[in-house]
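What the coordinates show
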Amino acid sequence: MKVSQMVEALSLKVLAGESFLEREVCSGYCCDLLSRVMAKGEKGMAWITVQTHMNVVAVAALVEMACIIIPEGIEVERKVLDKAEEEGVIMLSSHLTAFELAGKLYQMGIAPVCKVVD
Amino acid sequence: MAGGYYSIEQVFHIKAGDFASAGEASSQIKKTLKQLGIDSTLVRRVTIAAYEAEMNLIIHSIGGELKLKVTPQSIIVTAEDKGPGIPDIDLAMQEGYSTAPEIARELGFGAGMGLPNIKRNADRLNIQSKVGEGTLLEIYFDIKAR
Ligand SMILES: Nc1ncnc2c1ncn2[C@@H]1O[C@H](COP(=O)(O)OP(=O)(O)O)[C@@H](O)[C@H]1O
Ligand SMILES: [Mg+2]
């Protein structure tokens, strides 16, 4: 599935990375502890987190996540979005909770682990 | 340079508490390895280890250096600082053990998984530390012959 299809299906707001929405997403993960995300994170993953600071962008870029989804309409600072844009990280936002987002993504066929080879 | 890698060394100075530029050194290391044509699974393992080592310098040390060395046979990431040192390395290596301060925890650090993550991804890990003197972390990765 492409990020753009996910954005469409869940009515997500695109905060950063608009020009990368054709990127593939195949797995999802929901966690706010960065070491855990570093260990589990993989290319093509949609990552749901309430953390909205710079280091989230760094982690997503380092493991080449498909996108970050911020739940509960939490606001993200401009400088973080600029950094995301610069690093090619897609940041999305939703009014839904992390629990609801994960449930919907799971129903759409997004798996816990994907096997994308680059 | 078909068939071979360059032998290179890069040094990054990491400041204590500098969360704003956290991950920049690891990001540069990742770029360098990709440019050298290193296999993507290995790049990923080195990147994770480098990031955790970089974060430990920022969170736990008074500042130090992160180094990348690439030879045709191996990749070595070194993190060296001048303090405060680790009193009990076995304890520090345990998953879940963390002395990260509240400011770091609020950002999602302090899961106590950094050193275990480094060990899991490395082919060999050498860690030396002395309280009052500092910590040296040498992380080795073998480049398998193709
Ligand atoms: N460079 C360092 N200097 C001093 N102490 C360190 C250093 N690196 C790690 N430690 C100690 O080891 C513990 C475990 O490290 P780690 O596994 O990375 O977990 P975390 O960083 O989440 O605390 C740290 O909480 C800290 O007490
Ligand atoms: Mg750590």
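Described below are features of the structure shown in this document. All figures in this text were calculated on a predicted structure; none of them were measured in a lab. (Residues numbered from 1 in each chain as written. Chains lettered and ligands numbered in written order. Predicted model: local features only at pLDDT ≥ 70, side-chain atom pairs only at ≥ 80, totals over all residues. Heavy atoms only, no water.)

Moving on, we get to the interface of chain A and chain B. Chain A puts 21 residues into the contact, and the matching count from chain B is 25 residues. Per-residue buried area on chain A facing chain B is highest for Ser35, Met38 and Leu62 of chain A; these three make up 33% of the total on that side. For the pair chain A and chain B, the interface holds three salt bridges. For Glu64 of chain A, the salt bridge identified is with Lys34 of chain B, shortest N-O distance 2.9 Å. One can count ten residue pairs in polar contact (both at pLDDT 80 or more) joining chain A with chain B. (Contact = heavy atoms within 4.5 Å. Buried area = accessible area lost by both parts, 1.4 Å probe. Salt bridge = Lys/Arg side-chain N within 4 Å of Asp/Glu carboxyl O. Polar contact = N/O pair within 3.5 Å; in protein donor to acceptor, adjacent residues only side chain to side chain.)

Strand pairing within a sheet occurs via backbone hydrogen bonds; the two strands may be parallel or antiparallel. Residues and elements named next belong to chain B. Here five strands make up an open sheet; going across it, the order is β1-β2-β3-β5-β4 and the pairing antiparallel. One side of each edge strand has no neighbouring strand; the edge strands of this open sheet are β1 (8–14) and β4 (124–130). Shown here is a sheet whose adjacent strand axes are inclined to one another by a mean of 10°, direction ignored. The pairing of strand β3 (residues 74–81) with strand β5 (residues 134–142) spans seven bridges and is antiparallel. Bridging from a neighbouring strand, Ile76 pairs with Tyr140 of β5. Sitting on the sheet, helix α5 (residues 114–121) touches β4 and β5, and the angle it makes with β5 is about 30°. (Pairing = 2+ DSSP bridges. Helix = DSSP H or I, 4+ residues; strand = E, 2+ residues; numbered from the N terminus. Axes fitted to C-alpha atoms, helices over the stretch in contact; angles between N-to-C directions.)

What follows deals with the environment of Val46 of chain B. Residues and elements named next belong to chain B. Relative to the helices and strands, Val46 is located in helix α2 (residues 40–60). Given the relative accessible area of 0%, Val46 is considered buried. Residues Val46 and Ala104, spaced 58 residues apart in sequence, show a C-alpha to C-alpha distance of 23 Å. Excluding residues that lie within four positions of it along the chain, Val46 makes contacts with Ile29, Leu33, Ile75, Val77 and Phe141. (Buried < 20%, exposed > 50% of the residue type's maximum accessible area, 1.4 Å probe, protein only.)

Residue and element names in this part refer to chain B. A complete count under the given rule lists one aromatic pair over all chains for this structure. Look at Phe19 and Phe109: their rings are 5.8 Å apart centre to centre, the planes differ by 35°, and that puts the pair in the tilted class. One end of the pair, Phe19, is in the loop between β1 and α1 (24–35); the other, Phe109, is in the loop between α4 (102–106) and α5, and 90 residues separate them in sequence. Each member of the pair Phe19 and Phe109 is classed as buried. (Phe/Tyr/Trp six-rings, centres within 6.5 Å; stacked < 30°, edge-to-face > 60°.)

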